[in-house]
Amino acid sequence: MTTNNNFSALTEQQLQLLSGAASSLNKEQLIWASGFLAGLSGSVSTLQTSSSVETANPVASVPTLTILYGSQTGNSKGVANNYKASALEQGYQANVVSMSDYKPRQLKNETHLVVIVSTHGEGDAPDDAVELFEFLASKKAPKVPNLKFAVVGLGDTSYEFFCQTGKDFETRLLSLGATALVERLDCDVDYDSAVADWTVSLNAKLKEELTPVVTEKISNLTPAANAVAESLYNKKSPFAANLSASLKITGRDSVKDIRHIEISLEDSGIIYKPGDALGVWFSNDEAVAQRILSATSTSADDTIILADVEITLLDALINKLELTLSYPGFVKSYQAETGQAELADLMTDKAVLREYLSVSQIVDIVEKYPAKITPQALANALRPIVPRLYSIASSQTEVEDEVHLTVAHIEYEANGFTHQGGASGFLSTRLEEGDNLNVYVENNDNFRLPVDPNIPIIMIGPGTGIAPFRSFMQERDSTEAEGKNWLFFGNPNFTQDFLYQTEWQGYLKSGLLSKISLAFSRDQANKIYVQDKLKENGKEVFEWLEQGAHFYICGDALRMAKDVETTLLALVAEHGNKTEAQAKEYVTNLRKSKRYQKDVY
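Residues numbered from 1 in each chain as written. Predicted model: local features only at pLDDT ≥ 70, side-chain atom pairs only at ≥ 80, totals over all residues. Heavy atoms only, no water.

Student: Pulling in residues and values, what's your account of the overall build of the protein chain?
Tutor: A count of helices and strands for the protein chain gives 24 helices and 21 strands. In the protein chain, which comprises 601 residues, the share counted as buried stands at 49%. In the protein chain, the share of contacts with a sequence separation of at least 24, taken over all contacts with a separation of at least 6, comes to 77%. (Helix = DSSP H or I, 4+ residues; strand = E, 2+ residues; numbered from the N terminus. Buried < 20%, exposed > 50% of the residue type's maximum accessible area, 1.4 Å probe, protein only. Contact = heavy atoms within 4.5 Å.)

Below, the structure is given as structure tokens:
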């Protein structure tokens with residue numbers, strides 16, 4: 001009888017959600033989850049009791065800290081959720097909201113705001129931040145003299161417009177009369193320690209601003225929350241997976257070397273969804289590390305301190321420090337330590353420096369400008385290795401405890417040497433089948449199949465951008481989804497570069513793939529790209545959109561994605577009989593309703 005009463009406390013929808021989540025768990029995960037829920041229920045009851053006793057006013061009257069995140073790959077979301085946990089430990093009311101779900105006009109009602117946002121492309125805002133970003137620059141944006149805020153920008157100093165979106169958010173909020181609580185934080189690719197210090201500073205400032213909701217402590221929730229974090233494999237605690245296969249899937253005469261990678265996740269319990277990415281930790285080529293030692297007059301056996309741990313310099317260069325992506329910060333630090341005069345001259349022209357760095361790795365810099373440097377100073381000048389994210393090219397409904405990737409092996413000639421990409425070289429040439437590698441899943445809720453399997457989808461994925469769409473088709477095939485599917489794919493040559501050709505032809509024959517539009521740029525005198533095929537089929541594309549189709553883009557952010565969006569706007573205007581402004585509003589509404597999603601890099 002008691003059991004029935006407990007279940008009646010849940011709505012039918014809640015029961016379905018709980019049952020659906022439980023169905024994907026194995027025995028050990030179910031045991032863990034039951035303990036987690038039991039602990040969580042105790043924490044919630046403690047929170048409710050202490051709140052009712054110790055707060056004279058309703059909770060709603062207590063100032064709330066709103067944490068907004070804009071994220072292309074999930075990093076900003078992770079930082080936002082971690083900061084919320086810290087704010088809750090302080091006893092503050094705090095809500096985390098994606099910018100895509102935030103109503104811009106709510107801004108006038110906020111008192112304390114944290115903005116955590118990434119930058120991609122040429123200083124562009126991530127897709128889920130675009131609407132709020134544009135609203136703040138419009139005449140509709142309200143004055144907010146009572147708003148106090150803090151901004152964290154995530155970016156990469158390898159790019160010219162480092163953390164530009166974070167800078168722009170701060171500028172716009174200040175122009176509307178808001179006040180910064182602490183100095184804006186601009187984060188490079190390795191941001192954990194910087195965010196930790198910023199968290200301490202902001203929490204100290206908020207003590208002057210906010211009153212804790214309870215004294216019994218919401219921190220009672222912390223053990224359960226920590227249990228969640230510790231039970232899952234993540235960036236800080238990856239899974240030691242096994243490389244099952246690495247196959248070249250472009251032809252012998254192709255200008256590209258693209259690999260199909262299969263990785264075993266056996267015994268991990270890792271669950272991923274179509275649209276997610278796989279984070280891959282990698283090690284550097286030892287031969288490159290040895291060349292750096294020679295050019296800097298350092299030794300493999302030299303010891304350094306890295307993250308409070310003593311290791312040899314060679315170990316650090318191979319396994320801990322970034323050697324393939326060069327950036328101005330290294331040049332500045334290396335020159336300051338060595339006094340290299342020629343390098344100082346190069347630094348005087350930022351445009352020339354960036355052009356040089358675009359084809360030069362760390363080894364190129366130290367060999368062209370050799371100088372003696374202390375081992376510790378060399379290590380301090382370099383950034384830590386960060387994992388590379390690859391769009392997952394498989395669905396677990398088909399491959400079960402495997403995960404597949406589609407990897408472009410980066411290899412090029414520059415400065416008299418053959419260069420390889422860090423992770424792509426590791427996966428393609430330095431890792432043997434059967435070897436272990438550390439991986440984790442990066443969820444991407446901004447790139448998902450429609451919940452309704454009957455909804456049609458349009459997929460634009462040239463080159464390795466085809467990866468997530470392979471996972472989409474495997475998922476729709478396994479679940480017998482009825483929605484129509486249309487793929488736009490492009491690469492240089494039909495005979496050399498039609499990735500997963502037999503699979504797509506099989507889907508086309510079975511009827512799962514309703515239509516495929518191919519753009520092989522070098523198979524004719526005039527180059528043809530996916531945006532040209534999109535324009536050519538504009539009338540039918542618009543008809544699909546009018547039928548509720550979801551529109552997806554995966555691949556190059558700087559050129560392809562922008563060209564496709566320009567073409568999309570033009571075809572909506574032409575075939576929807578709309579003005580330029582109306583077409584833009586139409587596409588904006590697609591984005592708002594999550595029918596226009598991008599996974600670009």
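That was the structure; now back to the text.
Student: I'd like a description of the pattern of salt bridges, backed by residues and values.
Tutor: Evaluation of the coordinates by the stated rule reveals 23 salt bridges. The salt bridge partner of Lys 148 is Glu 209, with a shortest N-O separation of 3.0 Å. Here Lys 148 is found in strand 4 (residues 148-154), whereas its partner Glu 209 is found in the loop between helix 7 (192-206) and helix 8 (222-231), with 61 residues between them in sequence. Looking at Lys 148, the relative accessible area reads 30%, which means it is partly exposed. Residues joined by salt bridges that share partners form a network here, namely Lys 77, Asp 276, Asp 445 and Arg 448. (Salt bridge = Lys/Arg side-chain N within 4 Å of Asp/Glu carboxyl O.)

Student: Can you explain the packing of aromatic side chains? Please cite residues and give values.
Tutor: Counted by the stated rule, this structure contains 21 aromatic pairs. A connected cluster of aromatic rings, assembled from ring pairs, spans Phe 447, Phe 469, Phe 472 and Tyr 552. In this structure, Arg 291 is placed above the aromatic ring of Phe 417, and the distance from its NZ or CZ to the ring centre is 3.8 Å. Sitting above the plane of the Tyr 500 ring, Arg 470 keeps its charged end 4.6 Å from the centroid. (Phe/Tyr/Trp six-rings, centres within 6.5 Å; stacked < 30°, edge-to-face > 60°. Lys NZ or Arg CZ within 6 Å of the ring centre and 35° of its normal.)

Student: Which residues make up the state of the cysteines, and what values do they have?
Tutor: Applying the stated criterion to the full structure yields zero disulfides. Here Cys 163 is not disulfide-linked; the sulfur of Cys 187 is the nearest cysteine sulfur, at 6.5 Å. The buried category is assigned to Cys 163, whose relative accessible area is 0%. (Disulfide = S-S within 2.5 Å.)

Student: Tell me about the confidence of the model for the protein chain, residues and numbers included.
Tutor: Reading fine detail from the predicted coordinates is not recommended where pLDDT is low. Overall, the prediction assigns the protein chain a mean pLDDT of 87, with 87% of residues at 70 or greater. Ignoring residues within four places in sequence, the model shows residues 34-60, a span with pLDDT below 50, making 18 contacts including any to other chains. Confidence drops under pLDDT 50 across residues 215-231; counting only partners more than four residues distant or on other chains, this segment forms 22 contacts. (pLDDT = per-residue confidence, 0-100.)

Student: So what's going on with the packing of helix 22 (residues 538-546) against helix 23 (residues 560-575)? Which residues, and what values?
Tutor: One way to put it is that helix 22 packs onto helix 23 with a least axis distance of 9 Å and a crossing angle of 85°. Relative to helix 23, helix 22 is oriented roughly perpendicular. Taken together, the residues of helix 23 that come into contact with helix 22 (itself represented by Gly 538, Lys 539, Val 541, Phe 542 and Leu 545) are Leu 568, Leu 571, Val 572 and His 575. Tallied by class, the residues present in the contact of helix 22 with helix 23 amount to six nonpolar, two polar and one charged. (Axes fitted to C-alpha atoms, helices over the stretch in contact; angles between N-to-C directions. Parallel < 35°, antiparallel > 145°, perpendicular 65-115°, else oblique. Nonpolar A, V, L, I, M, F, W, Y, C, P; charged D, E, K, R; others polar.)

Student: Any chance you could break down a negative patch on the surface for me, citing the residues and the numbers?
Tutor: A cluster of acidic residues, Glu 266, Asp 267, Glu 400 and Asp 401, forms a negative patch at the surface. By secondary structure assignment, the location of Asp 267 is in the loop between strand 8 (258-264) and strand 9 (277-280). We classify Asp 267 as exposed; its relative accessible area is 75%. (Patch = residues over 30% accessible without salt bridge, like charges linked within 9 Å, V, L, I, M, F, W, Y side chains within 5 Å. Areas by Shrake-Rupley, 256 points an atom, 1.4 Å probe, with all protein chains shown as cover. Lys, Arg positive; Asp, Glu negative; His and termini not counted. Charge placed at Lys NZ, Arg CZ, Asp CG, Glu CD.)

Student: Mind laying out the sheet that holds strand 12 (residues 388-391), listing which residues take part and the relevant values?
Tutor: On the basis of which strands lie adjacent, the open sheet formed by six strands has the order 12-9-16-7-8-13 and antiparallel pairing. Looking at strand neighbours, the two that pair on one side only are strand 12 and strand 13 (402-408), the edges of this open sheet. Across the sheet, the axes of successive neighbouring strands diverge by a mean angle of 40°, strand direction being ignored. Two strands pair when backbone bridges link them, and strand 7 (residues 239-248) and strand 8 are joined in this way by six bridges, in the antiparallel orientation. Directly across from Ala 245, in strand 8, lies its bridge partner Glu 262. Most of the contacts of helix 17 (residues 422-430) go to strand 12, to which it runs at about 65°, and overall it touches strand 7, strand 8, strand 9, strand 12, strand 13 and strand 16 (436-442). (Pairing = 2+ DSSP bridges.)

Student: Give me the sheet that holds strand 18 (residues 485-491): which residues, what numbers.
Tutor: Ordered by their spatial adjacency, five strands build an open sheet running 19-18-17-20-21, and the pairing between neighbours is parallel. Looking at which strands have only one partner, the edges of the open sheet turn out to be strand 19 (515-520) and strand 21 (596-600). Looking at each pair of strands side by side, their axes are set apart by 10° on average, direction ignored. As paired strands, strand 17 (residues 457-460) and strand 18 are joined by four bridges and run parallel to one another. Counterpart to Ile 458 in the pairing with strand 18 is Trp 486.

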